[in-house]
Amino acid sequence: MLSNISSWCTVNGDFNYESFWINVVDSFKDVPGPTARRRVDGLLEWWTRKVFGKNHRKDLTPEVVSKMSVTTLAEQRKALEDSTFDSE
């Protein structure tokens, strides 16, 4: 068992899952320079191979990626962030 909580919530004690998720996403999105970018790109390429296998890498064209749910979620997150920034 990883936790003793009985239902999902965004904050468990001192740990904020939403903030953690945003930090993880930002570590891939907001890299400080070219060396970090290469490390992130290498990690994402490794993860893609682990998830999709080596034979399907060529299938992940920009058109296919643009229709993936992860792209939709990223667009929704950006729109929410933009609307929050505009309202402040």
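Quantities reported herein were computed from a predicted structural model and do not represent experimental measurements. (Residues numbered from 1 in each chain as written. Predicted model: local features only at pLDDT ≥ 70, side-chain atom pairs only at ≥ 80, totals over all residues. Heavy atoms only, no water.)

So, about the overall build of the protein chain. Looking only at helices and strands, one finds four helices and two strands in the protein chain. Split into buried and exposed, the 88 residues of the protein chain put 2% on the buried side. For the protein chain, the exposed area adds up to about 7900 Å²; of that, 59% sits on carbon and sulfur atoms. (Helix = DSSP H or I, 4+ residues; strand = E, 2+ residues; numbered from the N terminus. Buried < 20%, exposed > 50% of the residue type's maximum accessible area, 1.4 Å probe, protein only. Areas by Shrake-Rupley, 256 points an atom, 1.4 Å probe, with all protein chains shown as cover.)

The contact between helix 1 (residues 17-29) and helix 2 (residues 34-52) brings their axes to 9 Å, and the two run at 115°. In terms of their interaxial angle, helix 1 and helix 2 are classed as roughly perpendicular. Facing helix 1, whose interface residues are Ser27, Phe28 and Lys29, helix 2 presents Arg37, Val40, Leu43 and Leu44. (Axes fitted to C-alpha atoms, helices over the stretch in contact; angles between N-to-C directions. Parallel < 35°, antiparallel > 145°, perpendicular 65-115°, else oblique. Contact = heavy atoms within 4.5 Å.)

All right, on to the packing of aromatic side chains then. All chains considered together, the criterion is met by three aromatic pairs. A ring pair is formed by Phe15 and Tyr17, whose centres lie 4.9 Å apart and whose planes are at 75°; its orientation type is edge-to-face. Given a relative accessible area of 37%, Phe15 falls into the partly exposed group. Pairing Trp46 with Trp47 gives two aromatic rings, centres 6.1 Å apart and planes at 45°, and the pair type is tilted. (Phe/Tyr/Trp six-rings, centres within 6.5 Å; stacked < 30°, edge-to-face > 60°.)

Here Phe20 shows up in helix 1. Residue Phe20 is classed as partly exposed on the basis of its relative accessible area of 46%. Along the sequence, Phe20 and Thr10 sit 10 residues apart, while their C-alpha atoms lie 9.9 Å from each other.

All told, the structure shown has three salt bridges when counted by the stated rule. Linking Asp26 and Arg77 is a salt bridge whose minimum nitrogen-to-oxygen distance equals 3.3 Å. Residue Asp26 is located in helix 1, and its partner Arg77 is located in helix 4 (residues 69-87); the two are separated by 51 residues in the primary sequence. Here Asp26 falls in the partly exposed class, since its relative accessible area comes to 21%. Note on Arg77: relative accessible area 22%, which makes it partly exposed. Connected via shared salt-bridge partners are Asp26, Lys29 and Arg77. (Salt bridge = Lys/Arg side-chain N within 4 Å of Asp/Glu carboxyl O.)

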